[in-house]
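# Analysis of the macromolecular model
So you can see what is in the structure, the chains are spelled out below.
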Amino acid sequence: MALEPKRGLVQKLLEETGISEAQALELISLLGSNWSSLVREAKAIRDSLKPPTGPPSA
């Protein structure tokens, strides 16, 4: 039974932040179900995976 609410939390986190399911599961195992903490950390993960954008080349 405890798996269903966790499943919904994973899905919501995936939709909101775009991280992978494995990353979402890892965050939930580390942080529990505190939504604001999960979103903050998920966004940090997502942003760290983006290639850096620098000034345009001349």
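Within any chain, residue numbers begin from 1 and follow the written order of that chain's sequence. Only residues with pLDDT of 70 or above have their local features reported here, since the model is predicted, and side-chain atom pairs are shown and tallied only from 80 upward, although totals for entire chains, interfaces and linings are computed over all residues. Hydrogens and water are ignored here; the side-chain numbers use all heavy atoms of the structure.

### Some words on helix α3 (residues 35–49)
Note that an α-helix has 3.6 residues per turn; residues three or four places apart therefore point the same way. Here is the rule we go by: Here a helix means four or more residues in a row that DSSP labels H or I, a strand means two or more in a row labelled E, and each is numbered from the N terminus. One fewer than the residue count of a helix, multiplied by 1.5 Å, yields its expected span. A 1.4 Å probe rolled over the protein chains alone gives each residue an accessible area, and that area as a share of the maximum for its type sets the label: buried under 20%, exposed over 50%, partly exposed in between.
Helix length check: α3, at 15 residues, gives a terminal C-alpha distance of 21 Å against a target of 21 Å (1.5 Å per residue), a fit within 8%. Within α3, burial applies to Ser37, Leu38, Val39 and Ala42.

### Some thoughts on the nonpolar core
The condition is simple: Residues belong to one nonpolar core when they are buried, are Ala, Val, Leu, Ile, Met, Phe, Trp, Tyr or Cys, and are joined through side-chain atoms within 4.5 Å. Contacts are residue-level and defined by heavy atoms, with any inter-residue pair within 4.5 Å sufficient.
Listed in full, the 11 residues of the largest apolar core are Leu9, Val10, Leu13, Leu14, Ile19, Ala24, Leu27, Ile28, Leu38, Val39 and Ala42. Only α1 (3–17), α2 (21–31) and α3 provide two or more residues apiece to this core. The element contributing the most residues to this core is α1, with four residues. Look past the residues within four positions of Val10 in its chain and what remains in contact with it is Glu21, Ala24, Leu25 and Ile28.

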